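# Geometric and topological summary
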Amino acid sequence: QSGSLWIQYHFEAYGLYGWSLSFGHSYSGDKKGVLEVPGYKLYDSALIYRADHYSVAINVDNLTDEHWIVGGLGSIRYSQGYGRRARLSVSMDF
């Protein structure tokens, strides 16, 4: 059992052309493999500015700093998922 949702809101109605705010949610249920791995819920967000041929984004992953495990379903490799982290990206289309 797993799923994800990502929504994005654009602020043009308020005169903020090019600005948007995104919010995401990911869910994974318990997994039973060699070990039982508990499920998790992750929440992410992004603030984005786009103009002409470039964009700038600040993303924050795992907003609630959830502790989660990657692996399962027969795997003998398990590792801890990432904690809260922020990223800045700049891109240009040409």
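Presented here is an overview of the structure given in this document. Quick caveat: nothing in here was measured; it's all calculated off a predicted structure.

### Some points on the environment of Leu42
Topologically, Leu42 is positioned in strand 5 (residues 40–51). Through-space distance from the C-alpha of Leu42 to that of Leu63 is 7.4 Å; in sequence the pair is 21 residues apart. In this view, Leu42 contacts Gly24, His25, Ser26, Asn62, Glu66, Trp68 and Tyr82; residues no more than four positions away in its chain are not counted.

### A short note on the packing of aromatic side chains
On inspection of all chains with the given rule, the structure shows 6 aromatic pairs. Ring centres 5.0 Å apart and planes at 80° place the aromatic pair Tyr9 and Phe11 in the edge-to-face group. Under the relative-accessibility criterion, Tyr9 is labelled partly exposed at 41%. Taken together through their ring pairs, the aromatic side chains of Tyr9, Phe11 and Tyr14 make up a single cluster.

### Here we look at a nonpolar patch on the surface
Side chains of Tyr9, Tyr14, Leu16, Trp19, Leu21, Leu47, Ile58, Leu88 and Val90 sit close together on the surface and give an oily, nonpolar patch of about 930 Å² of accessible area. In this fold, Leu16 is placed in the loop between strand 1 (2–10) and strand 2 (19–28). For Leu16, a relative accessible area of 42% translates into the label partly exposed.

### Section: the pairing of strand 2
Regular strands have side chains that alternate between both faces of the sheet. Bridge analysis of strand 1 against strand 2 gives 9 bridges, and the strand direction is antiparallel. From the neighbouring strand, Tyr9 faces strand 2, where its bridge partner is Leu21. Sheet topology note: the strand 2/strand 5 ladder contains 10 bridges and is antiparallel. Its bridge partner being in strand 5, Gly24 is matched across the sheet by Asp44.

### Notes on the sheet that holds strand 1
Strand order across the open sheet formed by 5 strands is 1-2-5-6-9, with antiparallel pairing between neighbours. This sheet does not close on itself; its edge strands, each paired only once, are strand 1 and strand 9 (85–92). On average, each strand axis in the sheet is inclined to that of its neighbour by 15°, with strand direction left out of account. With 7 bridges connecting them, strand 5 and strand 6 (residues 54–61) associate as antiparallel partners. Among the inter-strand pairings, Ile48 is bridged to a residue of strand 6, identified as Ala57.

Conventions used here
Residues numbered from 1 in each chain as written. Predicted model: local features only at pLDDT ≥ 70, side-chain atom pairs only at ≥ 80, totals over all residues. Heavy atoms only, no water. Helix = DSSP H or I, 4+ residues; strand = E, 2+ residues; numbered from the N terminus. Contact = heavy atoms within 4.5 Å. Phe/Tyr/Trp six-rings, centres within 6.5 Å; stacked < 30°, edge-to-face > 60°. Buried < 20%, exposed > 50% of the residue type's maximum accessible area, 1.4 Å probe, protein only. Patch = residues over 30% accessible without salt bridge, like charges linked within 9 Å, V, L, I, M, F, W, Y side chains within 5 Å. Areas by Shrake-Rupley, 256 points an atom, 1.4 Å probe, with all protein chains shown as cover. Salt bridge = Lys/Arg side-chain N within 4 Å of Asp/Glu carboxyl O. Pairing = 2+ DSSP bridges. Axes fitted to C-alpha atoms, helices over the stretch in contact; angles between N-to-C directions.

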